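Here is what each chain is made of, one letter per residue.
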Amino acid sequence: MKNYNIALLKGDGIGPEIVDSAVRVLETVGKKHEIAFTFTPYLIGGAAIDACGEPLPQATVEGCLQADSVLLGAVGGPKWDTLPGHLRPEKALLGIRAAMGLFTNLRPAKLYPALKGECPLREDIVANGFDIMLVRELTGGIYFGERGYREGKYGEEAYDTEAYSRMEIERIVRVALETARKRNKKLTSIDKANVLETSRLWRKIVHELAAEYPDVEVTDMLVDNAAMQLVRNPSQFDVLVTSNMFGDILSDEASQITGSIGMLPSASLNDGKRGLYEPIHGSAPDIAGQNKANPIATILSAAMMLLYAFDEKEAAESIVAAVDGVLEAGYRTADLAHGAPALTTTEMTEKIIQAI
Ligand code: NAD
């Protein structure tokens, strides 16, 4: 029997509740598909600050590097909001991404037929639903470029620079092409090639690599148009690939048009199999400890882990199908119930476990 070692970073707020749900779902699916998991918890975020005075202890970094994969809940909360920047829980997120060399961020944005009513877009626009995978470059570009303050033509000025190497572009575009190949074989590369040199290099490399993937239909789109098309006609997209900053903005736009923050998983990957899987939402301190959180984003993050880290496609599909079935049957946690009676976190987890 295969055995995977998973580092658990429960974090703060609703983090422990939703990670516990995902662990129970993984154990259930593991029994069905003959996969064993060894879970080892490590401290991160506010919980780590409280226990050892720093948001990302060395033991956590080492544990994540040794594990086959990492499942993260969320970090942060008002208790730690007044600490200096280097001691903030969110600092741990950048730290663990850097330590694991996670250069790819995969953010699916899917509109579930059962949740069409949550979508803020007009009914006719989303009549066909949508299922988008946004591939964002995570460790390069303007967020990591040279920056500073200087005396400019008009006095004090600040600057940030965007630089992308061929290597950085090639590796992320390849991930996107491979991802498209596993889905509907359509890739849209988003840039600002009418203005930026980095985008012109990006586009050139996309075209070079596209020639190696004749089965994938590759198109370019300017970022301003992409922002518009996401709300005008989201069902035209399959896989999107873009730079760090454009991806930061577009991934939030894409998640918002699904209308359900508690449903969306994500994966951050390096060039090995190892990766970090987490819901896109935060620690929701307003509902922490109340057994009210929607565990589905974290459960679907665990499904992404099965697919991307372990190539356990059938087990991943079992989870996704169970979630679909539970939603189709009308079960909702409070975030999606609009005041109607709602399931607790544990009840929703139980429903999904029963459906597996
Ligand atoms: P949030 O995502 O935590 O919450 C926004 C709203 O959505 C809240 O009303 C919350 O109750 C609700 N919500 C979020 N997830 C939910 C779920 N699974 N089920 C039901 N409702 C859910 O964002 P925020 O309030 O801006 O941030 C709270 C804290 O989380 C802050 O400290 C922030 O820094 C941190 N944060 C952490 C991460 C992360 O760990 N990756 C990401 C974003 C924010």
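Keep in mind the model is a prediction, meaning the values are calculated, not measured.

**Q** When you look at the sheet that holds strand E1 (residues 2-11) in this model, what are you seeing that I'm missing?
**A** In a beta sheet, neighbouring strands are held together by backbone hydrogen bonds and run either parallel or antiparallel to one another. Pairing within the open sheet is mixed, and its 10 strands lie in the order E2-E1-E3-E12-E11-E4-E5-E10-E8-E9. Where the open sheet ends on each side, the last strands, each with one partner, are strand E2 (35-41) and strand E9 (217-222). Ignoring strand direction, the axes of neighbouring strands in this sheet form an average angle of 25°. As paired strands, E1 and E2 are joined by seven bridges and run parallel to one another. Note on E2: the bridge partner recorded for Ile-6 is Phe-39. In the packing of helix H8 (residues 244-256) onto the sheet, the strands contacted are strand E4 (104-110), strand E5 (131-137), strand E8 (186-191) and strand E10 (239-242), and the crossing angle to E5 comes to about 155°.

**Q** Would you take a moment to explain the nonpolar core for this structure?
**A** Among soluble globular proteins, nonpolar side chains are generally buried collectively. Counting 63 residues, the largest nonpolar core has Ile-6, Phe-37, Tyr-277, Leu-306, Ile-319 and Ile-352 as the members making the most contacts within it. A per-element tally of this core places helix H9 (residues 296-309) first, with 10 residues. When neighbours within four sequence positions are excluded, Phe-37 is seen to be in contact with Asn-3, Tyr-4, Ile-6, Leu-26, Gly-30, Leu-306 and Phe-310. If you look at the next biggest cluster of nonpolar residues, it comprises 20 residues, including Ile-125, Leu-134, Phe-237 and Ile-257.

**Q** Before we go on, may I ask you to explain H8 in this structure?
**A** Residue pairs three or four apart in sequence face the same way in an α-helix, which turns once every 3.6 residues. Look at H8: 18 Å from first C-alpha to last across 13 residues, which is about the 18 Å you get at 1.5 Å a residue. Residues of H8 that are buried: Asn-244, Phe-246, Gly-247, Leu-250, Ser-251, Glu-253, Ala-254 and Ser-255. Buried residues belonging to H8 abut E4, E5, E8, helix H6 (197-210), helix H7 (223-232) and E10.

**Q** What am I meant to see in the packing of helix H1 (residues 15-33) against helix H10 (residues 313-328) here?
**A** Pairs of packed helices are described in terms of their axes, by the angle between the two and the distance that separates them. Contact geometry of H1 with H10 gives a least axis separation of 10 Å together with a crossing angle of 130°. The pairing of H1 with H10 is recorded here as oblique in orientation. Pair H1 / H10 crosses with right-handed handedness. Judged by residue contacts, Val-25, Val-29, Lys-32 and His-33 of H1 engage Glu-314, Ala-315, Ser-318 and Ile-319 from H10. By residue class, the composition of the contact of H1 with H10 is four nonpolar, two polar and two charged.

**Q** When you look at the site of the ligand in this model, what are you seeing that I'm missing?
**A** What surrounds the ligand is a group of 20 residues, the closest being Glu-90, Gly-282, Ala-284, Asp-286 and Asn-294. Here an oxygen atom of the ligand and a backbone polar atom of Ser-283 are 3.1 Å apart. The fraction of the free accessible surface of the ligand (800 Å²) that becomes covered by protein chains is 69%.

The rules behind the values
- Residues numbered from 1 in each chain as written.
- Predicted model: local features only at pLDDT ≥ 70, side-chain atom pairs only at ≥ 80, totals over all residues.
- Heavy atoms only, no water.
- Pairing = 2+ DSSP bridges.
- Helix = DSSP H or I, 4+ residues; strand = E, 2+ residues; numbered from the N terminus.
- Axes fitted to C-alpha atoms, helices over the stretch in contact; angles between N-to-C directions.
- Contact = heavy atoms within 4.5 Å.
- Core = buried A, V, L, I, M, F, W, Y, C linked by side-chain atoms within 4.5 Å.
- Buried < 20%, exposed > 50% of the residue type's maximum accessible area, 1.4 Å probe, protein only.
- Expected span 1.5 Å × (residues − 1).
- Parallel < 35°, antiparallel > 145°, perpendicular 65-115°, else oblique.
- Left-handed = near helix turned anticlockwise from the far one by under 90°.
- Nonpolar A, V, L, I, M, F, W, Y, C, P; charged D, E, K, R; others polar.
- Near = heavy atom within 4 Å.
- Polar contact = N/O pair within 3.5 Å; in protein donor to acceptor, adjacent residues only side chain to side chain.
- Areas by Shrake-Rupley, 256 points an atom, 1.4 Å probe, with all protein chains shown as cover.

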